[in-house]
Amino acid sequence: MTERLSDISARIDGIRQLGAVVNAMRGIAAARAQQARGQLVAVESYAATIARAIGQTLALVPAARSGAAGRSTRPALVLFCAEQGFAGAFSERVLDAISKYQKGSELFLIGTRGNAVAAERGIHADWSSPMPSHSLGLPKLADQISEALYTRIATGEIDRLDAAFSQWRPGHGIQINRCRLFPLDLSDFPHSESVDAPLLNLASETLLIELTADYVHAQLCNTALHAFAAENEARMEAMTLARSQIERQLSSLQATQRIVRQEEITAEIIELAAGETASRSDRSLGQREKGMK
């Protein structure tokens, strides 16, 4: 062994510090994913409530249901990728999944890391935004996407918006999903069976427009939360693999440390034994010389 014991000890200390960082990152990712999954329940309940309200309002505006989703000629795609690194091939998987849909579409790209990966592939977003570091910031992100969306709809740049996002399913891992956000297919909303018309403070057409905007916002929050949770699940998986690799390296270095320590101890014992042998030889020679005199 040519390695010095001090060098091996320094490497072991460095790997242990790296392991502490990996554990911390894994813990943070786990907490964020759990928080996002808990908020999904509330967002889905909110979206379902709005969907029922739209169904009730459609009964008062029958022409709206028949005039639902038309054929789009200028589609847009909002794409949720990774905000930070250390999440494996998260962004690459999303970009691979939508490669056949992005041509001819205006691209809304969410996630700083995903934006960099897309640029490396020659994909440039028409509109981009970072993903918030905490799930509580996602409603504001949905506001920003909605504002950009409605501005482009008003100018005739686009007339359809789809979303591509990752979703984590227990036992199945992360899957890439794609859904329509705008325009809404009003035939999908439940028809109200109530015989009593709801009491309205707005014109039914105005109320339908407001409810539709709220529903699109809720769906944006829903897809963003799924993507946020999936990114952190991917980071947890990457950190788990990194932790396993760190443990293997640490075990190997500790084994090497024991061997080097044993060799150094053996060398010291041999050196001491040789010194003792030489010392005895010198004393024996001195005694012989003294006896000859």
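Scroll up for the structure.
Owing to the predicted nature of the structure, the values given are computational and were not obtained by experimental measurement.

Reading the values: rules and limits
- Residues numbered from 1 in each chain as written.
- Predicted model: local features only at pLDDT ≥ 70, side-chain atom pairs only at ≥ 80, totals over all residues.
- Heavy atoms only, no water.
- Buried < 20%, exposed > 50% of the residue type's maximum accessible area, 1.4 Å probe, protein only.
- Helix = DSSP H or I, 4+ residues; strand = E, 2+ residues; numbered from the N terminus.
- Pairing = 2+ DSSP bridges.
- Arc of directions from axis to C-beta.
- Contact = heavy atoms within 4.5 Å.
- Axes fitted to C-alpha atoms, helices over the stretch in contact; angles between N-to-C directions.
- Parallel < 35°, antiparallel > 145°, perpendicular 65-115°, else oblique.
- Left-handed = near helix turned anticlockwise from the far one by under 90°.
- Salt bridge = Lys/Arg side-chain N within 4 Å of Asp/Glu carboxyl O.
- Lys, Arg positive; Asp, Glu negative; His and termini not counted.
- Polar contact = N/O pair within 3.5 Å; in protein donor to acceptor, adjacent residues only side chain to side chain.
- Core = buried A, V, L, I, M, F, W, Y, C linked by side-chain atoms within 4.5 Å.

A. Quick peek at the pairing of strand 4 (residues 160-169). Summarising burial for strand 4: eight of the ten residues are buried, a large majority. Examined bridge by bridge, strand 1 (residues 75-80) and strand 4 share five bridges and lie parallel to one another. Looking at the pairing, P75 lines up with R160 of strand 4. Where strand 4 meets strand 5 (residues 173-182), nine bridges bridge the pair, whose relative direction is antiparallel. By the bridge assignment, W168 is partnered in strand 5 with I174.

B. Here's a closer look at helix 4 (residues 112-120). When we look at burial in helix 4, the residues that qualify are G114, V117 and A118. The buried side chains of helix 4 occupy one side of the element, clustering within an arc of 100° when seen end-on. In the core, the buried residues of helix 4 are packed alongside helix 3 (90-97) and strand 2 (106-110). Among the residues trailing helix 4, G122 stands out with phi positive, at a value near 80°.

C. How the structure looks around helix 3. What helix 3 keeps buried is the set F90, S91, V94 and L95. Mapping the buried residues of helix 3 onto a view down its axis gives an arc of 125°, with all of them on the same face.

D. Structural view of unusual backbone geometry. The omega torsion of the bond from F182 to P183 falls at -5°, within 30 degrees of zero and hence cis. Mapped onto the secondary structure, P183 falls in the loop between strand 5 and helix 6 (204-292). Despite not being glycine, F86 shows a phi value in the positive range, around 60°. Within the secondary structure, F86 sits in the loop between strand 1 and helix 3.

E. Up close: the packing of helix 3 against helix 4. At a closest axis distance of 9 Å, the pairing of helix 3 and helix 4 adopts a crossing angle of 60°. As summarised for this structure, helix 3 and helix 4 are arranged oblique, according to the angle between their axes. Note on packing geometry: the crossing formed by helix 3 with helix 4 is right-handed. Residue-level contacts link S91, E92 and L95 of helix 3 to R113, G114, V117 and A118 of helix 4.

F. Region of the structure containing the pattern of salt bridges. Within this structure, the stated rule accounts for eight salt bridges. Between R180 and D162 there is a salt bridge, with the nearest N and O atoms lying 2.7 Å from each other. With R180 in strand 5 and D162 in strand 4, this residue pair connects regions lying 18 residues apart in the sequence. Here R180 falls in the partly exposed class, since its relative accessible area comes to 40%. Note that R235 and E231 form a salt bridge whose closest N and O atoms lie 2.9 Å from each other. With R235 and E231 both in helix 6, this residue pair falls four residues apart, about one helical turn. Classification of R235 as buried rests on a relative accessible area of 5%. In this structure, a network of salt bridges that share partners links the residues R160, D162, R178 and R180.

G. Geometry of the sheet that holds strand 5. If you walk across this open sheet you meet the five strands as 3-2-1-4-5, and the pairing is mixed. Edge positions in the sheet fall to strand 3 (127-129) and strand 5, since each has one partner strand and no second. In this sheet, adjacent strand axes meet at a mean angle of 20° when their direction is disregarded.

H. A look at the environment of D143. Along the chain, D143 turns up in helix 5 (residues 138-154). Looking at D143, the relative accessible area reads 44%, which means it is partly exposed. In this structure, the C-alpha to C-alpha distance between D143 and L220, residues 77 residues apart in sequence, is 8.8 Å.

I. View of the side chain of R32. Note that R32 resides in helix 1 (residues 5-58). The buried charged residue R32 lacks any salt bridge, with E231 as its nearest oppositely charged partner at 7.4 Å. From its side chain, R32 meets the backbone oxygen of S133 in a polar contact 3.5 Å long. Every residue in contact with R32, bar those within four places of it in the chain, is listed here: Q84, S133, H134, F228 and N232.

J. The nonpolar core, seen in detail. Formed by 43 residues in total, the largest nonpolar core has its most connected members in V78, F80 and I145. Contributing elements (two or more residues each) for this core: helix 1, strand 1, strand 2, helix 5, strand 4, strand 5 and helix 6. Among the elements that make up this core, the one with the highest residue count is helix 6 (13 residues). Once you skip the residues sitting within four places of it in the chain, F80 turns out to touch F90, V94, I110, M131, L141, I145, A164, F165, L220, T223, A224 and A227. In this structure, L77, F90, V94 and A234 belong to the second largest nonpolar core, which totals 18 residues.

Purely geometric stuff here, so don't read any function into it on its own.
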